[in-house]
Structure formats: C-alpha cells, structure tokens
Amino acid sequence: MSTFIDIAQEIAREAAGVLVSYAERGIGYRLKGEFDLVTEADTASDRLIVERLRTRFPSHSIVAEESGKHRTASEYCWYVDPLDGTANFAHGFPMFCVSMGLERAGRMIAGVVYEPGRDEMFAAELGAGAWLNNRRIHVSGASRLSDCLVATGFPSRKRHHNVNVHFFYQMGMASHGVRRAGSAALDLAYVACGRLDAFWEFGLNPWDLAAGVLLVTEAGGVRTGMRGEPHALSSPDLLADNGLIHEEILQLFRDVFAGRYRIPVPGLEP
Ligand code: IPD
Ligand code: CA
Ligand code: CA
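What you see is a predicted model; the values in this text were computed from it and never measured.

1. Re the sheet that holds strand 3 (residues 61-64)
Phase 1 of the analysis: Strands sit in the order 4-3-5-6-7-8-9-10 across an open sheet of eight strands; the sheet is mixed. With partners counted over all chains shown, the strands left at the sheet margins are strand 4 (68-70) and strand 10 (135-136), one partner each.
Phase 2 of the analysis: Sheet analysis places strand 9 (residues 129-132) next to strand 10, joined by two bridges and oriented antiparallel. The residue bridging Leu-132 from the neighbouring strand is Arg-135, located in strand 10.
Phase 3 of the analysis: Together, strand 3, strand 4, strand 5 (76-84) and strand 6 (97-104) form the strand contacts of helix 2 (residues 40-56), whose direction differs from that of strand 5 by roughly 155 degrees.
Phase 4 of the analysis: On the sheet, helix 6 (residues 206-218) packs against strand 3, strand 5, strand 6, strand 7 (107-115), strand 8 (120-125) and strand 9 and is oriented at approximately 100 degrees with respect to strand 7.

2. Digging into the pattern of salt bridges
Side-chain pairing between opposite charges can occur once the charged atoms of the two side chains come close.
Phase 1 of the analysis: If you walk through the whole model with that rule in mind, you get eleven salt bridges.
Phase 2 of the analysis: Between Glu-14 and Arg-52 there is a salt bridge, and its shortest N-O distance comes to 2.6 Å. Separated by 38 residues along the polypeptide, Glu-14 in helix 1 (residues 3-25) and Arg-52 in helix 2 bring together distant segments of the chain.
Phase 3 of the analysis: We classify Glu-14 as partly exposed; its relative accessible area is 34%.
Phase 4 of the analysis: In this structure, Glu-120 engages Arg-195 in a salt bridge whose closest nitrogen and oxygen atoms are separated by 2.7 Å. Here the residue Glu-120 occupies a position in strand 8, and Arg-195 occupies one in the loop between helix 5 (184-192) and strand 13 (198-201), the gap between them amounting to 75 residues.

3. Details of the domain arrangement of the protein chain
Phase 1 of the analysis: Assigned domains within the protein chain: domain 1 (3-136) and domain 2 (145-257).
Phase 2 of the analysis: Placing the centre of domain 1 and that of domain 2 at their C-alpha centroids yields a distance of 20 Å.
Phase 3 of the analysis: The interface of domain 1 with domain 2 comprises 37 residues on the first partner and 24 residues on the second.
Phase 4 of the analysis: Buried surface at the junction of domain 1 and domain 2, both sides included, amounts to about 2,400 Å², of which 67% is carbon and sulfur.
Phase 5 of the analysis: Linking domain 1 with domain 2 are one salt bridge, by the criterion used here.
Phase 6 of the analysis: One can count nine residue pairs in polar contact (both at pLDDT 80 or more) joining domain 1 with domain 2.
Phase 7 of the analysis: Within the residue set of the side of domain 1 that touches domain 2, elements represented by two or more residues are strand 5, strand 6, strand 7, strand 8 and strand 9.
Phase 8 of the analysis: When the residues that make up the side of domain 1 that touches domain 2 are grouped by side-chain class, the tally is 21 nonpolar, seven polar and nine charged.

Parameters at a glance
- Residues numbered from 1 in each chain as written.
- Chains lettered and ligands numbered in written order.
- Predicted model: local features only at pLDDT ≥ 70, side-chain atom pairs only at ≥ 80, totals over all residues.
- Heavy atoms only, no water.
- Pairing = 2+ DSSP bridges.
- Helix = DSSP H or I, 4+ residues; strand = E, 2+ residues; numbered from the N terminus.
- Contact = heavy atoms within 4.5 Å.
- Axes fitted to C-alpha atoms, helices over the stretch in contact; angles between N-to-C directions.
- Salt bridge = Lys/Arg side-chain N within 4 Å of Asp/Glu carboxyl O.
- Buried < 20%, exposed > 50% of the residue type's maximum accessible area, 1.4 Å probe, protein only.
- Domains from an automatic or database assignment.
- Buried area = accessible area lost by both parts, 1.4 Å probe.
- Polar contact = N/O pair within 3.5 Å; in protein donor to acceptor, adjacent residues only side chain to side chain.
- Nonpolar A, V, L, I, M, F, W, Y, C, P; charged D, E, K, R; others polar.

What follows is the structure in structure tokens.
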C-alpha cells in the first residue's frame, strides 16, 4: 500500500482515539441548523486531522466537514469527515467512524474509513484494491435484490424535502431489509466487504462518500447516481452496490420516481 494510505491510516486511528476519549468522558452536543448535531468531538477530531495532514502533506488541499476548505494550488485534495455518525455518537449508539479520502485531479486515489468500536480499518487505493485490517475485501456475489441486505440514510438537513422514505419502503419490500445505521462511510465500507449488497442516499456531501466510493469500486462494485448517470464526488445522490444488482435497483428506482409503486403503501385505517 502507498504512503498516502499508511499515513491516512495513522491519522484516522489517532483521530478515532480522540473520539473515543470524548465518548468515555460523556459528551454534549449543539445543533447546526434545526436537527444537525455537532459535538466537541467532531471539532477536536477535525482539528487534529487538518493539523496532521498539513504537517505531512503541506502542499495538499483539504476539505474538512467542520473547518471547511483549506485550498492550495495542489492537484491533491483530502476530503475529511472527522466523525461520520455524529447522531449515533451523541446518543452512545456505537456506529461511527473517521473517513478520509484523497482525490487527485478529479479522481479518488486513496481512502480510509476507521471504526474504533470494532477496530476495523478499511482502506482502498486506486487500481490496487481494498482491504479490511490488511486483508483483501470484495463486494458480495448476490445477483437478485430479493436475496440482498441493503442500506440507506437520511440527511439531517432539509428532512422535509427528502423523498427517500418512498424508496426505503419499496426497497424494504423487495429485499431482505433496509438498514439505516447512521454512518454513510461505514455503509459504503460494508458494501465493499459484502456485509451489505447496496447503499443509496440523497443529499450526501463529498466528505461522507469520498473514501467509501473508492472502497466499493476497488472491491469490485459500482457507483452511479440514482438514475444511472455517472456519479461525481460532488454529486449528492448516490447508488453504490456489488454491480450484479445495479440494473435491478435502477429499474425499481425508475418506478418510484415515476410514482409506479410495486407494493402499495398501506393505509393507516385498520
Ligand atoms: C451523516 C451520516 C448519516 C447520513 C447523513 C450524513 P454525519 O453524517 O453519514 O448516515 O445519512 O446524510 O450527513 O453528520 O454524522 O457526519
Ligand atoms: Ca458524514
Ligand atoms: Ca461528520
């Protein structure tokens, strides 16, 4: 694995240590907007990662969720989510991670997602593959949606504009179930190692998905937008899966977008 990955792993582990120390002490949160939580741990982890990246790669740009853009003229840019799964973290629900992805001239070239709770380090490098704790990982081999476990998420901002509940219901009916675990980076890492077969969400940010999409594609999976269009890092709507079920999911999504419900939504009357 490259120096980029080695150093990113080192930094992600150190930042996760900061998160865990806050979790052990008990943490409060404040709101950014109506429902979007942020804790002291988010900002402390962000500060540490940005400091370390600036020391190790002084010329690189950084886009970090809490501290914003640190732009340079470099073609390298790190996308940092210092704590993905903040709502989980703030409630003591043990599903959160640190996510760091490196883009070079518009292409993701390296990514790490570290989950301290299970001591799981997911890493990927463009053209070289994806690993979980140094063992190669691959997407699942499921070829029918009816055999799949899938995941999604709901962004905290503008919840009332989010149409995802319609997709959630139809996907839930068509598969073994939909998980909503609260960390997009881990959802994508789980698709990469085959624990999940697909993940989709509307309204993601580049730092949520930068490392995760590289994990999925390097593990043999695919990613597009929700209508099958090419997915760029700046595209908020994402479908990532093992490739075998991609067309079937896109067909189901086309039906939902067109209001053709395969399974009618039950009424509230008994
Ligand atoms: C959130 C999580 C969540 C996803 C949201 C993200 P945060 O990130 O990844 O699973 O559904 O869209 O904003 O706020 O915990 O870093
Ligand atoms: Ca996030
Ligand atoms: Ca975050």
